[in-house]
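Remarks on the overall topology
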Amino acid sequence: MMLFNRYLVRNLKRLRQILRTFTRYGFAFLFYRLPFWERWGVRALKEARQRPPQENLRRALEELGTTFIKVGQILSTRLDLLPEEYCRELRKLQDQAPPVGFESVRAVIEKELKKPLEEIFESFDEIPLASASIAQVHRAKLRDGPQVAVKVQKEGVEEMVNSDLEILTYLAQFMDRLSPSGEPVRASEMVAEFKKYLLREIDFLYEASNAQKFRHNFAQFQGVRIPRIFTAYSTKKVLTMELMEGIRLSQRENIPQDIDRAHLAETGVRAIFKMIFEDGFYHADPHPGNLLVLPDTQELVFLDFGMVGVVDEKTRENMLAILSAILKKDVERVMELLEEEFLLTPLLSPLHFRLDLAELLERYVFVDLQEINLQSLFTDFFYLLRRYHLRFPSHFSLLLRALAVAEGTGLYLDPQFTVVPHLEAFLEKTFAQYFGWEELSHKITDYALEWRRLLEEFPRRSREFLVQASKGKIRLHWESEELKELNRRLEQATNRLSLSVILGSLLIGSSLVYINYPHLRFLSILGILGYGIAAFLGVVLVIEILGHR
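Residues numbered from 1 in each chain as written. Predicted model: local features only at pLDDT ≥ 70, side-chain atom pairs only at ≥ 80, totals over all residues. Heavy atoms only, no water.

1. Thoughts on the overall build of the chain
From N to C terminus, the chain includes 21 helices and 11 strands. Restricting to contacts in the chain with at least 6 residues of sequence separation, those with at least 24 account for 68%. Carbon and sulfur atoms make up 56% of the accessible area of the chain, which totals about 30100 Å². (Helix = DSSP H or I, 4+ residues; strand = E, 2+ residues; numbered from the N terminus. Contact = heavy atoms within 4.5 Å. Areas by Shrake-Rupley, 256 points an atom, 1.4 Å probe, with all protein chains shown as cover.)

Below, the structure is given as C-alpha cells:
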C-alpha cells in the first residue's frame, strides 16, 4: 500500500525535513492528509505568518536545497499553473552555493576522464569562477588546446537529486489518490515533468549535445556566439567548453558605454525568434544571467543549455498563426486555433470562455503595436486558462515564457525597446518563406505522396473492414472518465470490504484459539499474534477511510 511505499522507508529522514520545512513556512495544509505527518509538523514561524505566501514558498524551496530550487525555477516558467505573483517571486531563486574543496573537484575529474588532472590540463585554477548547488566552474588550459571553462558536478548531487525525486513521486502519488479525477493537472504529471528536467540538469552530456546543436544552428548568424564543446573531455559529470571572456548582461553597470545596447537587445530577440520559429530548438530561459556580451566584437554569447525546448513543424506553424491573429486582433481566429490545436482538456463553457477571451484581446485592440507588452498579454492569457481549468502542453507555456523573457531582457538593456514590431516583421518574413515556391513545392510533394498512399491502401482497408463486419468482429473502443472514476471507487470499496473480512476473520479465529486452548502456550501466543495483526489492519483501514473523506 502507499502508506508503506519503499521510497518513504528509504528516505524517511529527508521526508521529515521536507514536511517540517513546509510546515514552518505555513504550508501545512498541503500535507494534512498524509499518514502520521502531525508527529513531524511544527507550528508556522511567526515571521512566516506576516509574509505573503509566495515569499514563504520561495524561502522554503531555498532552504530545502538543490532539487527544490530547480523545481521552483521550473515552476517560475509555468504561468499556466501558478499566478503571476508566485512566478515572479520564484524567479528570484538564486542557485548559488559555497564551492567545494579542490581535492573533491580533482577526484571527480580524474574519475570521469580516467586520467590524472596534470595529463589533461596544462593549468587549472583551484579557485572557481562560479559555484552553484549542482556544479562549479573552473578556468583551465588544455595541454593540446586553448583556455577552457570546466564545469564539474559536485560529489553526492546525483544521489541527493534522485532521493528527493523519489520523495516527490511518493507525495504526488498520495495526493493524486486524494484528488478528484477531474483535476486539470495531476500532481504525478507535474513531478514527472520536474524529473525530466532535473535529470537533464545533472547530465552534462545532454547539455553538451544541446550546445553543439545551437552552435551548428548559429554558425552563420551574425552577432551571436555559442561556446565550443570539447567532447573528448566531457562526460556526464564534467563539461569542458570554450572559455568566453565577457560581461554578463545581469551586470549591466559593467557594460562599456560604447556598446550599442539597443542593437544587443535586437540581436537577442532575433536570435530567440530564429530558435523558436526557424530551428524549432530554443533556449528556454534566456534571462540576462545566461547571456554574455563580448566587449571587443559586441557579440552575444548564450550560456547554460540545460533547459531547452523543442517545437515540431506543425506546432511552429500554429504558433505563427496564433501570434499573427493576435497582432491582427482577429479574435475568432485565435479562438479557433486554441480549440483545435492547443487545448488538452475540453471547454466546459465555450461561450463564456470565448467572451472572456474576446474581452482580453479587446484591451489590446486599440493599443499601438509599439505599446503592446507580451509579458502583460501572456499573464492575462494564462490567468484565463487557470480560471477555466484548462490544460495546454507544457512546451507551449515554456515557449511563451521564452518569448516573454526575451522581451524582458531587451527592456533590461534598452528601456525604449519594444519587441512587437520585431515580432511582426519576423512573422511577415517567415510567412513569405512558407509561401515561397520552394516551400510550397515540398508541401505539394508531401501531400501528393500522402494521397497516393491513401488511394493505394483504400481498397485493401475497405475489404478488411467489410470482412470483419460480415463476421461480426468489429470492435468499438469507448472511454468515459465518469466510468473510470466509478471503477476506481468500486475498487476502493472492494479492497476495504476484503480488508474488513480478513480483519473480522482474524479476530474471530484468534478469539476461538485463545479461549479454547488457554493451557497450550504456543496456541495462546498464536491467538495474541492474531489480535496484533488484526489491530494493525484495523489502523490501516481507518487511515485509508479517513484519507478519502
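2. Observations regarding the side chain of Asp164
Following the sequence through the fold, Asp164 ends up in helix α9 (residues 157-178). The class for Asp164 is buried, based on a relative accessible area of 1%. Within the structure, the side chain of Asp164 is placed 2.9 Å from the side chain of Thr67, a separation counted as a polar contact. Sequence-distant contacts of Asp164, defined by excluding residues within four places in its chain, comprise Arg14, Thr67 and Phe68. (Buried < 20%, exposed > 50% of the residue type's maximum accessible area, 1.4 Å probe, protein only. Polar contact = N/O pair within 3.5 Å; in protein donor to acceptor, adjacent residues only side chain to side chain.)

3. A word on the sheet that holds strand β10 (residues 299-302)
With mixed pairing, four strands are arranged side by side in an open sheet as β5-β10-β9-β7. Of all strands in the sheet, those with a lone pairing partner are β5 (224-225) and β7 (247-248), marking the two edges. Where β5 lies against β10, two bridges are found, and the strand directions are parallel. The residue bridging Arg225 from the neighbouring strand is Val301, located in β10. Of the strands in this sheet, β5, β9 (291-294) and β10 touch helix α12 (residues 261-279), which is tilted by about 45° from β10. (Pairing = 2+ DSSP bridges. Axes fitted to C-alpha atoms, helices over the stretch in contact; angles between N-to-C directions.)

4. Some details on helix α10 (residues 187-201)
Because an α-helix packs 3.6 residues into every turn, residues spaced three or four apart end up facing the same way. The end-to-end C-alpha separation of α10 is 21 Å, in line with the 21 Å expected for 15 residues at 1.5 Å each. Taken together, the buried positions of α10 are Ala187, Val191, Glu193, Phe194, Tyr197, Leu198 and Glu201. Taken down its axis, α10 places every buried residue within 155° of arc, on the same side. (Expected span 1.5 Å × (residues − 1). Arc of directions from axis to C-beta.)

5. Some thoughts on the pairing of β10
Where burial is concerned, the two faces of β10 agree: the one with Glu299 and Val301 and the one with Leu300 and Phe302 are both buried. Judged from the four bridges that link them, β9 and β10 form a sheet pairing that is antiparallel. For Leu292, the partnering residue across the bridge sits in β10 and is Val301. Hairpin geometry of β9 and β10 is characterised by an intervening segment of four residues between the two adjacent antiparallel strands and by a positive phi of about 55° at Gln298.

6. Considering the environment of Val308
Along the chain, the position of Val308 falls in strand β11 (residues 308-310). Measuring from C-alpha to C-alpha, the distance between Val308 and Ala284 comes to 4.7 Å, with 24 residues separating the pair along the chain. In contact with Val308, not counting residues within four places along its chain, are Tyr197, Tyr206, Asn210, Phe214, Phe281, Tyr282, Ala284 and Leu398.

7. Overview of the packing of α12 against helix α17 (residues 394-413)
Interaxial distance between α12 and α17 falls to 8 Å at its minimum, and their mutual angle equals 170°. With respect to α17, the element α12 is oriented roughly antiparallel. Along the contact surface, α12 presents Arg261, Leu264, Ala265, Val269, Ile272, Phe273 and Ile276, while α17 presents Leu399, Ala402, Leu403, Ala406, Gly410 and Leu413. Considering only residue class, the contact of α12 with α17 consists of 11 nonpolar, one polar and one charged. (Parallel < 35°, antiparallel > 145°, perpendicular 65-115°, else oblique. Nonpolar A, V, L, I, M, F, W, Y, C, P; charged D, E, K, R; others polar.)

8. A short note on the packing of aromatic side chains
The tally for this structure, following the rule as stated, stands at 11 aromatic pairs. Both rings, one in Phe121 and one in Phe124, keep their centres 5.2 Å apart while their planes meet at 65°; by these two values the pair is edge-to-face. The burial state of Phe121 is the same as that of Phe124; both residues are buried. Note on Phe273 and Phe277: the rings are 6.4 Å apart at their centroids and 50° apart in plane angle, and the pair reads as tilted. (Phe/Tyr/Trp six-rings, centres within 6.5 Å; stacked < 30°, edge-to-face > 60°.)

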